[in-house]
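Spelled out, the chains give:
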Amino acid sequence: MADKRMLIVDADIARKIDDNRGDMGYSEFLELLINSQLKEPTGHNNYVDKEEFHQFAAGMKELLRNFLDFFLSYGLELGRQPQDKTFQELSQKLQELGSSGNKNKNP
């Protein structure tokens, strides 16, 4: 049989343990908590660094540019020649995204 010791904790801590341990015994629950805190870090952070964010933003701009390019060229292949203001705005945005994507590729 394992050697047993007594651990004295504040009443509110004991209440938190009781509220969260479910069907586990006190020792089993405390061991689980301790082991989860003592594990070696895996190197996976719960945040994004600046470089990853810029890569994501550039990828989203490229995706949007490809999306607009596809739908604009799809509409042109159908034979319709759009003459409205919306088409011109989309075309201008596509050109802006294309030029901003080129600036990011060549720092």
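Fair warning: this is a prediction, and the values are worked out from it, not measured in the lab.

A closer look at the overall build of the protein
- Counting secondary structure elements, the protein contains four helices and zero strands.
- Its helices and strands in sequence order give the protein the pattern α-α-α-α, from N to C terminus.
- The buried share of the protein, taken over its 107 residues, is 10%.

Topic: the packing of helix H1 (residues 11–20) against helix H2 (residues 26–38)
- Contact geometry for H1 and H2: axes closest at 11 Å, N-to-C directions at 95°. Taken together, the axis directions place H1 and H2 in an arrangement best described as roughly perpendicular. For the pair formed by H1 and H2, the contact residues are Ile17, Asp18 and Asn20 on the first element and Tyr26, Phe29 and Leu30 on the second.
- Across the contact of H1 with H2, the residue classes break down as four nonpolar, one polar and one charged.

Here's the deal with a nonpolar patch on the surface
- On the surface, Val48, Phe53, Phe56, Met60 and Leu63 cluster together into a nonpolar patch covering about 520 Å² of accessible area.
- Accessibility expressed as a relative area gives 56% for Val48, which makes it exposed.

Comments concerning H1
- With respect to burial, H1 is a largely exposed element, only one of its ten residues being buried.
- Count one or two residues on from H1 and you reach Gly22, which has phi positive near 60°.

Re the packing of aromatic side chains
- Taken as a whole and judged by the stated rule, the model has zero aromatic pairs.
- Above the face of the Tyr26 ring, Arg21 is positioned so that its terminal group lies 4.2 Å from the ring centre.

Quick notes on the rules
- Residues numbered from 1 in each chain as written.
- Predicted model: local features only at pLDDT ≥ 70, side-chain atom pairs only at ≥ 80, totals over all residues.
- Heavy atoms only, no water.
- Helix = DSSP H or I, 4+ residues; strand = E, 2+ residues; numbered from the N terminus.
- Buried < 20%, exposed > 50% of the residue type's maximum accessible area, 1.4 Å probe, protein only.
- Axes fitted to C-alpha atoms, helices over the stretch in contact; angles between N-to-C directions.
- Parallel < 35°, antiparallel > 145°, perpendicular 65-115°, else oblique.
- Contact = heavy atoms within 4.5 Å.
- Nonpolar A, V, L, I, M, F, W, Y, C, P; charged D, E, K, R; others polar.
- Patch = residues over 30% accessible without salt bridge, like charges linked within 9 Å, V, L, I, M, F, W, Y side chains within 5 Å.
- Areas by Shrake-Rupley, 256 points an atom, 1.4 Å probe, with all protein chains shown as cover.
- Salt bridge = Lys/Arg side-chain N within 4 Å of Asp/Glu carboxyl O.
- Phe/Tyr/Trp six-rings, centres within 6.5 Å; stacked < 30°, edge-to-face > 60°.
- Lys NZ or Arg CZ within 6 Å of the ring centre and 35° of its normal.

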